[in-house]
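Examining the three-dimensional arrangement
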Amino acid sequence: MKNRRDTNKRSSEVIVRFPPSPTGNLHIGGARTALFNYLFAKKHGGKIYLRLEDTDRERSKPEFERNILDGLAWLDLAADTLPDGKELWRQSERADVYRTHLKKLVASGAAYLSQEKERERREVVRFKNPGSLITFHDIIRGPITFDTKELGDFVIAKSIEEPLYHLAVVIDDAALGITHVIRGEDHISNTPRQILLQRALGFAEPLYAHIPLILAPDRSKLSKRHGAVAVTEYREQGYLPEALVNYLALLGWNPGTDREIFSLDELAEQFDLKRVQRGGAIFNAEKLNWINKEWLRTLPPDVSERAVRSALATETPRIKEDVLARALPTILERIGKWGDVRALAEAGELDYLRAAPKVDPAHLPWKGEPIESTREHLAEAAGRLERVAGAFSKDAITLALMPYAEEKGKGNVLWPVRFALSGREKSPDPFTLAYILGKEETLRRLAAASNLLS
RNA sequence: GGCGCAUUCGUCUAGCGGCUAGGACACCACCCUCUCACGGUGGGAACACGGGUUCGAUUCCCGUAUGCGUCACCA
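Here the structure is a predicted model, which is why all the values come from computation and not from measurement.

Per the secondary structure count, chain A includes 18 helices and 13 strands. In terms of overall size, chain A is more extended than a compact globule, its C-alpha atoms giving a radius of gyration of 31 Å where 454 residues would be expected to give roughly 22 Å. Across its three principal axes, chain A shows a C-alpha extent of roughly 100 × 50 × 40 Å. Taking all 454 residues of chain A together, the buried fraction comes to 49%. For chain A, the proportion of contacts with a sequence separation of at least 24, taken over those separated by at least 6, is 73%. Of the roughly 22100 Å² of accessible surface on chain A, a fraction of 50% belongs to carbon and sulfur atoms. Charge centroids of chain A, computed over 68 positive and 65 negative side chains, lie 4 Å from each other.

This part is about the nonpolar core. Counting 106 residues, the largest nonpolar core has Leu35, Leu244, Leu248, Phe283, Ile331, Leu353 and Leu385 as its most contacted members. Residue contacts for Phe283: discarding those within four places in its chain leaves Ile28, Ile214, Leu215, Leu222, Tyr234, Tyr247, Leu248, Leu251 and Leu288. Counting residues in each nonpolar core, the second largest holds 32 residues, with Leu102, Ala111, Phe127 and Ile171 among its members.

Taken together, 62 residues lie near RNA strand B, and Arg59, Arg119, Glu260, Lys410 and Pro430 sit nearest. Looking at RNA strand B alone, sugar and phosphate atoms form 76% of those within 4 Å of the protein. Asn254 has a polar side-chain atom sitting 2.6 Å from a phosphate oxygen of RNA strand B. Between RNA strand B and the protein, one listed contact pairs a sugar or linking oxygen with a side-chain N or O atom of Arg297 at 3.2 Å. Among the elements of the structure, strand S7 (142-147), strand S8 (155-159), helix H4 (165-176), strand S13 (281-282), helix H9 (285-296) and helix H16 (410-422) are those that each provide at least two residues to the surface near RNA strand B. The element best represented in the surface near RNA strand B is H16, accounting for five residues.

Where H16 contacts helix H17 (residues 430-437), the axes come no closer than 9 Å and their chain directions differ by 35°. Note on packing geometry: the crossing formed by H16 with H17 is left-handed. Between H16 and H17, the residues in contact are Leu414, Val417, Arg418, Leu421 and Ser422 and Pro430, Phe431, Leu433, Ala434 and Leu437, respectively. Tallied by class, residues from the contact of H16 with H17 come to eight nonpolar, one polar and one charged.

Moving on: the pairing of S8. Relative to S8, strand S5 (residues 123-127) runs antiparallel, the two being bridged by two bridges. Note on S8: the bridge partner recorded for Arg126 is Val155. The pairing of S8 with strand S9 (residues 162-163) spans two bridges and is antiparallel. Across the sheet, residue Ala157 finds its bridge partner in S9, namely Pro163. The loop that links S8 with its antiparallel partner S9 comprises two residues.

Quick look at the side chain of Arg354 now. Within the secondary structure layout, Arg354 lies in helix H13 (residues 351-354). Arg354 gets classed as buried once you look at its relative accessible area, which sits at 17%. From its side chain, Arg354 meets the backbone oxygen of Pro317 in a polar contact 2.8 Å long.

Taken over all residues, the pLDDT of chain A has a mean of 94, while the share at 70 or more is 97%. Low pLDDT, under 50, characterises residues 1-10; the predicted model gives this stretch 16 contacts beyond four residues in sequence or across chains.

What follows deals with the packing of aromatic side chains. Throughout the structure, instances matching the rule amount to nine aromatic pairs. A centroid spacing of 5.3 Å and a plane angle of 45° characterise the contact between Trp366 and Trp415, whose relative ring orientation is tilted. Of this pair, Trp366 sits in the loop between H13 and helix H14 (371-386) while Trp415 sits in helix H16, placing them 49 residues apart in sequence. Given the relative accessible area of 26%, Trp366 is considered partly exposed.

Considered domain by domain, chain A is made up of domain 1 (1-80 + 212-294), domain 2 (301-352) and domain 3 (361-452). Each of domain 1 and domain 2 was reduced to a C-alpha centroid, and the two centroids are 31 Å apart. Taken together, the contacts link seven residues of domain 1 with six residues of domain 2. Of all residues in domain 1, Gln237, Gly238 and Lys293 bury the most surface against domain 2, accounting for 59% of the area lost on that side. On the surface where domain 1 and domain 2 come into contact, there are three residue pairs in polar contact (both at pLDDT 80 or more).

The next thing to look at is the sheet that holds S5. Across the sheet, four strands lie side by side as S4-S5-S8-S9; this open sheet has antiparallel pairing. At either end of the open sheet lies a strand with only one pairing partner, and these are strand S4 (111-115) and S9. Two strands pair when backbone bridges link them, and S4 and S5 are joined in this way by five bridges, in the antiparallel orientation. Note on S5: the bridge partner recorded for Ala111 is Phe127.

Reading the values: rules and limits
Residues numbered from 1 in each chain as written. Chains lettered and ligands numbered in written order. Predicted model: local features only at pLDDT ≥ 70, side-chain atom pairs only at ≥ 80, totals over all residues. Heavy atoms only, no water. Helix = DSSP H or I, 4+ residues; strand = E, 2+ residues; numbered from the N terminus. Rg over C-alpha atoms; globule rule 2.2 N^0.38 Å. Buried < 20%, exposed > 50% of the residue type's maximum accessible area, 1.4 Å probe, protein only. Contact = heavy atoms within 4.5 Å. Areas by Shrake-Rupley, 256 points an atom, 1.4 Å probe, with all protein chains shown as cover. Lys, Arg positive; Asp, Glu negative; His and termini not counted. Charge placed at Lys NZ, Arg CZ, Asp CG, Glu CD. Core = buried A, V, L, I, M, F, W, Y, C linked by side-chain atoms within 4.5 Å. Near = heavy atom within 4 Å. Polar contact = N/O pair within 3.5 Å; in protein donor to acceptor, adjacent residues only side chain to side chain. Axes fitted to C-alpha atoms, helices over the stretch in contact; angles between N-to-C directions. Left-handed = near helix turned anticlockwise from the far one by under 90°. Nonpolar A, V, L, I, M, F, W, Y, C, P; charged D, E, K, R; others polar. Pairing = 2+ DSSP bridges. pLDDT = per-residue confidence, 0-100. Phe/Tyr/Trp six-rings, centres within 6.5 Å; stacked < 30°, edge-to-face > 60°. Domains from an automatic or database assignment. Buried area = accessible area lost by both parts, 1.4 Å probe.

This is how it looks when you write it as structure tokens:
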């Protein structure tokens, strides 16, 4: 039998699979299962196959399949090409194989056609359960024992033509030569059933590793009512795939060091099933945000600029190219993900980048400073900035303004200048603002503010 | 309810018989500072409980409690 794990020749080979059911979008938990399988395969130079478990024809939908494939591609979790040369393994295309095995099971007496009363169907295929004690060694949890008598003669197919989950899984795992089954802890109780089938079919038993579940803040199973669960929703919110992968890897696994920022390749290098946690882990968006921020900082400026620009694409009027380019570091400092750019814009915090602000003259003077001298400060600041000869850089601006500000009191000078440029009580510092806006626009706004005071 | 899995700061976690129980996120304070953000420094914060085993338990064993999973002609 070709799927036997030969103890000499192929003992070190690792073959894993990610088998989503296209009955829903790729969610965070499924993505992490895919990730752990991927990391394990890469770590050991093995293979990972993608298998669509679509035996339930009613619930399986093309749009879910699309969503799953999109999500995996976005996270950069590429599966290996299948032994038959295809990219995708669909259970719905393997009816003949399942039928053959089913007939064999029935012929040998390991399964039987069962007459049902008052059920959905009159006749189904049940597995004749020998009722033995099954123990398997979970890589993460150690030995787990079940008394399969409690399972009864479970149904393995709706009919000879319609296999159910456990049967299809066992047959496909054997056909693909799967060596390690890495899946969610909710599958622990499925394992004895599958081992029973493997034995009846004469298949080799893969090694099992059941990873902990991802939980909602209230420790219940993470679901739609807890907010975003689909991977594509995180993409839409403007998270970086590197960040989501990084965070997901750290949810339930750790490298044993204090390091927290890892690329996919670095994770693969470090990954070890032995360091996977046993208890469930709550999904914490704040930590994700922090990791995303760390990744944001690693981006080259042109990539960031493009992303910020596209986040602002629907905002009018458009921010001028050169202004946006200079404002980029300041914007990046204030966001955790691309979606925050929109939030910033909607809160009006970027208005001053587009056009001169409507300045409320009442807010122009710094604490108790008279209007007269405030106007003087604005005029003097404008004069000094106008005399800046070379590049209108942040350093040059600071050099031009600082001595005067220190002489008259920093707040007395810097507050009105900053307020004149931004029109806001909270904003970046005046030097940065002047640099972003450019000399001409800076002088124009200072003059405008000065006029408001006369 | 049966069966199974789990339980260290609010959260993610380090720890694999002897530690002032470490780190990160979040939070708080201070510093930086014209404001905000960034950054820096510091702080509060945990071994679920009860029995054992042991000279000594966060660590090993057994209970209890709690949480979660699963008991489909879904996967």
